[in-house]
Each structure stands twice: as C-alpha cells, then as structure tokens.
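Reading the structure
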Amino acid sequence: QVQLVESGGGLVQAGGSLRLSCAASGSIFSDKTMDWYRQAPGKQRELVARITSAGSTNYADSVKGRFAISRDNAKNTVYLQMNSLKPEDTAVYYCHTQILRIPLWNDYWGQGTQVTVSS
C-alpha cells in the first residue's frame, strides 16, 4: 500500500512559478510510475505530467515547455516545477500512482493541493 501527500500549492501571479511536491510512503517508490493530475471546477480531471521508474516523462500539450516533472527516489518524492503560470492552470493538483496487485490494478491518490493563478 502507499500514501501520497502533496504540498507546495498556493496563490501566484500569472507568469510566476510554483514547485509542487508529493511525498510517498508505505511502499517501494523507485519502481513506480508517478503522475500529476489536475482538476478545475466544472472540468474533467486531466493528466498533466508522468514520470516512469526509468525517468521517462510525458506532458499534456497545455503545459509542455512550462512544467517539469522530476523524482528523487532517495526521498520518495516526486516534484512538479511549474513555470510561466497562467490563470488557466488554476486547479487542484493531485499526485497519483498505480500498483498492480495481480490480477488487478489499484489507484492511489493524494489529497490534492490548490494552485491559484491570478491575472
């Protein structure tokens, strides 16, 4: 089992930066794919960034070139560096991972952290 705890959200002006952190506990971290999702009011939850155990990354088109996901396996932590923030980035950001318990996948979510970008 795993527990995920996000931190680092807050209020920032357009064009500014924030770094989100997700600390994992309760399971092996280094072999997991870790994701950042976000959900704005009235919108569907969307995948923002993903990093595999090998360090391969993927980003939503809307954040490419502005956001960067990284991980520190020694600290069991994944980060989301957000630069050039736009009001459209305002959302609750969630850390996520999946763990295979044969024959089923289990989803694990953090509690979310609010990011608000003012114009």
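Structure report, in brief. Quick caveat, the model's predicted, so the values are computed rather than measured.

In spatial order, the strands read β1-β3-β8-β7; together these 4 strands make up an open sheet with antiparallel pairing. Single-partner strands in this sheet number two, and they are β1 (3–7) and β7 (67–72). Taken pair by pair, the neighbouring strands of this sheet meet at an average axis angle of 15 degrees, ignoring direction.

We now examine the state of the cysteines. Following the criterion strictly, the structure yields 1 disulfide and no others. Put simply, Cys-22 and Cys-95 are joined by a disulfide, and their sulfur atoms are 2.1 Å apart. Measuring the twist about the S-S bond at about -85 degrees, one finds the Cys-22-Cys-95 disulfide to be left-handed. One end of the pair, Cys-22, is in strand β3 (residues 18–25); the other, Cys-95, is in strand β9 (residues 91–101), with 73 residues separating them in the sequence. Judged by its relative accessible area of 0%, Cys-22 is buried. What makes Cys-95 buried here is its relative accessible area of 0%.

Turning next to the layout of surface pockets. There is about 170 Å³ of room inside the largest pocket. Surrounding the largest pocket, Asp-31, Lys-32, Thr-33, Asp-35, Arg-50, His-96, Thr-97, Gln-98, Ile-99, Leu-100 and Trp-105 form its lining. It is β9 that provides the largest number of residues to the lining of the largest pocket, a total of 5 residues.

This brings us to unusual backbone geometry. The residue after Ile-102, namely Pro-103, is reached through a cis peptide bond having omega 10 degrees. The topology assignment puts Pro-103 in the loop between β9 and β10 (104–109). Not every positive phi belongs to a glycine, and Ser-84 is a case in point at roughly 50 degrees. Among the structural elements, Ser-84 can be located in the loop between β8 (77–82) and β9.

Attention now goes to the environment of Thr-116. Summarising the element assignment, Thr-116 is placed in strand β11 (residues 113–118). Each residue touching Thr-116, except ones within four places of it in the same chain, is listed here: Gly-10, Leu-11, Val-12 and Thr-90. One polar contact links Thr-116 to Gln-114, side chain to side chain, over a distance of 3.3 Å.

One recurring pattern in soluble globular proteins: nonpolar side chains tend to sit buried together. Among the nonpolar cores identified, the biggest contains 28 residues, and Trp-36, Val-78, Leu-80, Met-82 and Tyr-93 are the most heavily contacted of them. Mapped by element, the contributors of at least two residues to this core are β3, β4 (34–39), β5 (46–51), β7, β8, β9 and β11.

As a further point, take the pattern of salt bridges. Scanning the entire structure with this criterion turns up 5 salt bridges. Ionic pairing is found between Glu-46 and Arg-38, a salt bridge with its closest N-O pair at 2.7 Å. What makes Arg-38 buried here is its relative accessible area of 6%. Between Arg-38 and Asp-89 there is a salt bridge whose closest N-O contact spans 2.9 Å. Pair noted here: Arg-38 is in strand β4 and Asp-89 is in the loop between β8 and β9, with a separation of 51 residues, a long-range link.

Rules used in this analysis
Residues numbered from 1 in each chain as written. Predicted model: local features only at pLDDT ≥ 70, side-chain atom pairs only at ≥ 80, totals over all residues. Heavy atoms only, no water. Pairing = 2+ DSSP bridges. Helix = DSSP H or I, 4+ residues; strand = E, 2+ residues; numbered from the N terminus. Axes fitted to C-alpha atoms, helices over the stretch in contact; angles between N-to-C directions. Disulfide = S-S within 2.5 Å. Buried < 20%, exposed > 50% of the residue type's maximum accessible area, 1.4 Å probe, protein only. 1 Å grid on protein atoms, 1.4 Å probe; cavity = no way out; pocket = protein on both sides within 12 Å on 5 of 7 lines; lining within 4 Å. Points joined across faces, edges and corners; volume = space filled by probe spheres on them. Contact = heavy atoms within 4.5 Å. Polar contact = N/O pair within 3.5 Å; in protein donor to acceptor, adjacent residues only side chain to side chain. Core = buried A, V, L, I, M, F, W, Y, C linked by side-chain atoms within 4.5 Å. Salt bridge = Lys/Arg side-chain N within 4 Å of Asp/Glu carboxyl O.

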